[in-house]
2 protein chains.
Amino acid sequence: MGLGNVPRDAFFNPDGSGADSLRDVVDKVLESLMVVVRERAGQSPLPRSVESHYEAFPQEGHGYDDVFARLSGVLQDSLYPAHPGYIGHMDSIPTLMSVIGDFVAAFLNNNLLSQEMSPALSMMETDVLRQFGQKFGLGENSGGVMTSGGTLANLQALALARNRAFSVRDEGLARLGKRPVLFASEVAHTSLQKAAMLLGLGSSAVVPVRADANSRMRPDDLEEKIRNAKACGEAPFAVVATAGTTVTGNIDPLREIGALAKQYGLWFHVDAAYGGGLIFSPTQRFRLQGIEQADSVTFNPQKWMYIAKTCAMVLFKDTDLLLSDFRVAAPYMSDSDFVNLGEISVQGTRHADILKLWLSLCHIGLVGYQQLVDHSYATTAFFVDQIRARSYLVLAGEPETNLCCFRGEPSFLPQDAWDEWNVELQRHLSQRGQTFLSCPGYRGGRWLRAVLLNPFTTTEVIDGVFRAMDEFYQASAAARG
Amino acid sequence: MGLGNVPRDAFFNPDGSGADSLRDVVDKVLESLMVVVRERAGQSPLPRSVESHYEAFPQEGHGYDDVFARLSGVLQDSLYPAHPGYIGHMDSIPTLMSVIGDFVAAFLNNNLLSQEMSPALSMMETDVLRQFGQKFGLGENSGGVMTSGGTLANLQALALARNRAFSVRDEGLARLGKRPVLFASEVAHTSLQKAAMLLGLGSSAVVPVRADANSRMRPDDLEEKIRNAKACGEAPFAVVATAGTTVTGNIDPLREIGALAKQYGLWFHVDAAYGGGLIFSPTQRFRLQGIEQADSVTFNPQKWMYIAKTCAMVLFKDTDLLLSDFRVAAPYMSDSDFVNLGEISVQGTRHADILKLWLSLCHIGLVGYQQLVDHSYATTAFFVDQIRARSYLVLAGEPETNLCCFRGEPSFLPQDAWDEWNVELQRHLSQRGQTFLSCPGYRGGRWLRAVLLNPFTTTEVIDGVFRAMDEFYQASAAARG
């Protein structure tokens, strides 16, 4: 059987002889990327249109030029989150070293399932995550695994907490009789409901705890909810605090929540997917006080560390628990003293997300990350000042990180028209301007949300955003007469 | 707050002005890759040593040259799975288009969580997976989502099956009373035990069904196990058939198993993570007959389609069930008619694994993939002939795909020394030769396992592998005297 219809360049030659042709291909791709980037820079971060059909199975393969022409179409139709006006989600411009890291990771194609399939990279992951554990104050026996996104990190933390509390790893929950429940702020991320659903607890096992005016969990309500659950015969096993809520970026009072978790014998998980980035700032780190008490922590370098997606981790104070209460062995791997990471992770085969993280840390350093975090606080302060200077805009609360949630409440409109007005404003900014804000549902209404991550989002860019908002406001007021 | 300590090239400039410096960086990386590739080509696919410590937090960032020097060390210490002698696992050389695809995906950094964060790529994923569903014969309403590895694909399929069977999405399993169980071959992949553990069923909820001499599930034993479980008051809800077992690459009798699943009202899942690649071969596709009856299918293009890791999918015959029995909504996203893929996936934030798959299909085409699959059958036939020609080697069974499981049973050694002899042979080939075979535990002993994926693994390479084995055998016999 021949390979006559497989393009000669379907693979790089593993003897390295095809290096020049690989360079040509990469050059062509870079060219396409840059053409699109230059075009998109002066436009909206959103694409104008999206191709309606992507053919999966052409009979014969297409040549490079044809493939790259199709790829250019995909680039045109994609979001451009590196755009300085894209400030709507916890996505930002990726570090250059993450782009390089993912390129190398794909070329190497090592599998982080086992040490024998990724000798250096498995070691790197274990090593680097041990250092992250210590950075969060979790102590000498801490460490963890990378997960493909924070949802899986929360899932793994809660799986281990559940297994510990009820010894159900082998026998399951079905004959438990009492219902396990956990507690999280009413504004915590929905990945907790998803985790509870997957774990067989049911999505309603996440008991919502009331948040204060700044979206921070109220410890008094937490204690009441724990007592109520016990009184109803339910089986509380975990509390999840959030450091960096999805919509407003606020941080739950970690110390008080940790103390209550300890008092009631509950697993203490901190979802610091977003706010974990504060460990890099000596001036802002105090906001995470109490995280060192956590049994487990979720942290996503794919957010405030600017690593390309996906890049997330789950850390445990006591990594021995991964062996005693979580591990599922893969007997087709060689024996080794080193624990295969795929055996202590919710995933099996795993991508080398650690490489881009390590390379970015090597390149930017602690001081560089400190400046990136602190600079985005300065940008947020400037953004907030602009809101406060306008009578038609109101803040949802006091920003604690670099998220800013606000909305227009134009006095010339009745209150029940405000939601629609904000949705229209958001759409106007995306389609006519060069700004993308998100438009989340929050407290029963629609809000505008800025996530001020991108270091290219200068004060000039922000001035432009507010000028566009003012124009929309004035035009809308004028139309109203 | 300034950014003076953030390297000027920490990010590419989103206006495209830094294109030249980006090209320089990529050129340097390519150069490092090629230096290593050329060195490694004549050596073992395994590295000689592994660096013992990776520093995560340098105070100041390092310049490019320093970072790339460190990266070269990582490359030296990594596995080199593109090596024609690396035939030990279901990992192979990645397509060139997957390397390009992951480079572009990192640069674009779109989030496959929602359509607003990845307009083209979300559409591409939905579109391409619908076509895969039809290719597997699952019908007009089929489709699915990409998952980061097959373990998550199996997890999602079984989560949906469980939710359907017991209506436990919201309320959980704890008060169910009866224990849900599922059935899979005794040689099925351990990701099923992991899924059962995570889902709150307990890892022992996977009832092992006996396999025949060729590692294929025995339908008679399946029926007996289903009846026994019912008689014991357990609650059977799913059957998992494997198309391409981990150790020997065999395929369960899908039609018979599907018929039994239907007869007993059980969800029928096919784990075709490996064997799904057979859809590309008109001459081998018959081995998958019955897969079209499946309620869900796992398929990993990261294996036989040569896509860089991770690249896996879970397909459902009826995608409406993802909405009715699985979805957890993300209310911070814009309203849209398009279903956000992160809401119907076990993950939330997701990488654009679809891009490298689509680009590779565009480049290689159906006929190219057909030839790759058929060619690896021819390579396997050659490999099997070499085994049969040697009296000291025995096959574990009849290969059905491109896996070959065998071992040495040297007559000059007592039977209880064979395991150790095979472990030594494997180590010898890895360390002294240029061959990596894996050495799985199977049927209570240690075996050698070849996965003949790599198109660069020519008959000459295989001749060399067997020459090295013969030498080891002869030396070992001589030492024995």
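The model shown is predicted, which means the values in this text are computed figures rather than measured ones. (Residues numbered from 1 in each chain as written. Chains lettered and ligands numbered in written order. Predicted model: local features only at pLDDT ≥ 70, side-chain atom pairs only at ≥ 80, totals over all residues. Heavy atoms only, no water.)

## Some remarks on the overall build of chain A
Working step 1: Helices and strands together make up the secondary structure of chain A, namely twelve helices and twelve strands.
Working step 2: Relative to its length of 481 residues, chain A is compact, with a C-alpha radius of gyration of 24 Å against a globular reference of 23 Å.
Working step 3: In terms of its C-alpha atoms, chain A occupies a principal-axis envelope of roughly 75 × 70 × 45 Å.
Working step 4: With 481 residues in all, chain A has 67% of them scored as buried.
Working step 5: A separation threshold of at least 6 residues defines the contact pool for chain A, and within that pool the share at least 24 residues apart is 73%.
Working step 6: For chain A, the exposed area adds up to about 15,400 Å²; of that, 47% sits on carbon and sulfur atoms. (Helix = DSSP H or I, 4+ residues; strand = E, 2+ residues; numbered from the N terminus. Rg over C-alpha atoms; globule rule 2.2 N^0.38 Å. Buried < 20%, exposed > 50% of the residue type's maximum accessible area, 1.4 Å probe, protein only. Contact = heavy atoms within 4.5 Å. Areas by Shrake-Rupley, 256 points an atom, 1.4 Å probe, with all protein chains shown as cover.)

## So, the relation of the copies chain A and chain B
Working step 1: By a simple turn and slide, chain A fits onto chain B: the slide is 0.0 Å along the axis, the RMSD is 0.0 Å, and the turn is 180°. On the angle and the small slide along the axis, the relation comes out as a two-fold axis.
Working step 2: Both copies contact each other with a shared surface, as 99% of the interface residues of chain A are interface residues in chain B too. (Least-squares fit on C-alpha atoms with pLDDT ≥ 70 in both.)

## Brief notes about the domain arrangement of chain A
Working step 1: According to the domain assignment, chain A contains domain 1 (19–80) and domain 2 (110–361).
Working step 2: Placing the centre of domain 1 of chain A and that of domain 2 of chain A at their C-alpha centroids yields a distance of 37 Å. (Domains from an automatic or database assignment.)

## Quick notes on helix α8 (residues 254–263) of chain B
Residue and element names in this part refer to chain B.
Working step 1: Those residues of α8 that fall on the buried side of the exposure criterion are Leu254, Ile257, Gly258, Leu260 and Ala261. Taken around the axis of α8, the buried residues stretch over an arc of 160°, which confines them to a single face. Of the exposed residues in α8, the ones pointing more than 90 degrees away from its buried face are Lys262 and Gln263.
Working step 2: At its buried positions, α8 is contacted by α7 (219–231), β4 (235–242) and β5 (267–271). (Arc of directions from axis to C-beta.)

## Quick word on the environment of alanine 478 of chain A
Working step 1: Note on placement: alanine 478 of chain A falls in helix α12 (residues 459–480).
Working step 2: Placed 112 residues apart in sequence, alanine 478 of chain A and leucine 366 of chain A show a C-alpha to C-alpha distance of 51 Å.

## What to know about the sheet that holds strand β12 (residues 448–451) of chain B
Residue and element names in this part refer to chain B.
Working step 1: The sheet built from three strands is open, its strands ordered β8-β9-β12 with antiparallel pairing. Of all strands in the sheet, those bounded by a partner on one side alone are β8 (393–395) and β12. Averaged over neighbouring strand pairs, the angle between their axes works out to 30° when direction is ignored.
Working step 2: Bridge count between β8 and strand β9 (residues 403–408): three bridges; the pairing is antiparallel. Following the sheet pairing, valine 394 is matched in β9 by arginine 407.
Working step 3: Helix α10 (residues 353–388) contacts β8, β9 and β12 of the sheet and is inclined by roughly 15° relative to β9.
Working step 4: Packing of helix α11 (residues 418–431) onto the sheet brings it into contact with β9 and β12, and relative to β9 it is tilted by some 120°. (Pairing = 2+ DSSP bridges. Axes fitted to C-alpha atoms, helices over the stretch in contact; angles between N-to-C directions.)

## Focus: the interface of chain A and chain B
Working step 1: Taken together, the 175 residues of chain A in the interface contact 173 residues of chain B.
Working step 2: When the two sides are added together, the surface that chain A and chain B hide from each other amounts to roughly 15,600 Å², 67% of it contributed by carbon and sulfur.
Working step 3: Summed over the shared surface of chain A and chain B, the number is four salt bridges.
Working step 4: Measuring nitrogen to oxygen at the nearest pair gives 3.3 Å for the salt bridge that ties aspartate 27 of chain A to arginine 23 of chain B.
Working step 5: For the side of chain A that touches chain B, the secondary-structure elements that each account for two or more residues are α1 (19–41), α2 (64–76), α3 (96–108), α4 (119–135), α5 (150–166), α6 (191–198) and α10 (353–388) of chain A.
Working step 6: The element that contributes the greatest number of residues to the side of chain A that touches chain B is α10 of chain A, accounting for 16 residues.
Working step 7: A per-class count over the side of chain A that touches chain B returns 94 nonpolar, 50 polar and 31 charged. (Buried area = accessible area lost by both parts, 1.4 Å probe. Salt bridge = Lys/Arg side-chain N within 4 Å of Asp/Glu carboxyl O. Nonpolar A, V, L, I, M, F, W, Y, C, P; charged D, E, K, R; others polar.)

## Structural notes on the pairing of strand β7 (residues 312–316) of chain A
Residues and elements named next belong to chain A.
Working step 1: When you tally the buried positions in β7, you get five out of five residues, the bulk of the element.
Working step 2: Across the two faces of β7 the burial is the same, with Ala312, Val314 and Phe316 and Met313 and Leu315 all buried.
Working step 3: Judged from the five bridges that link them, strand β1 (residues 143–147) and β7 form a sheet pairing that is antiparallel. From the neighbouring strand, methionine 146 faces β7, where its bridge partner is methionine 313.
Working step 4: Relative to β7, strand β6 (residues 296–299) runs antiparallel, the two sharing four bridges. Across the sheet, the residue bridging to serine 296 is phenylalanine 316, located in β7.

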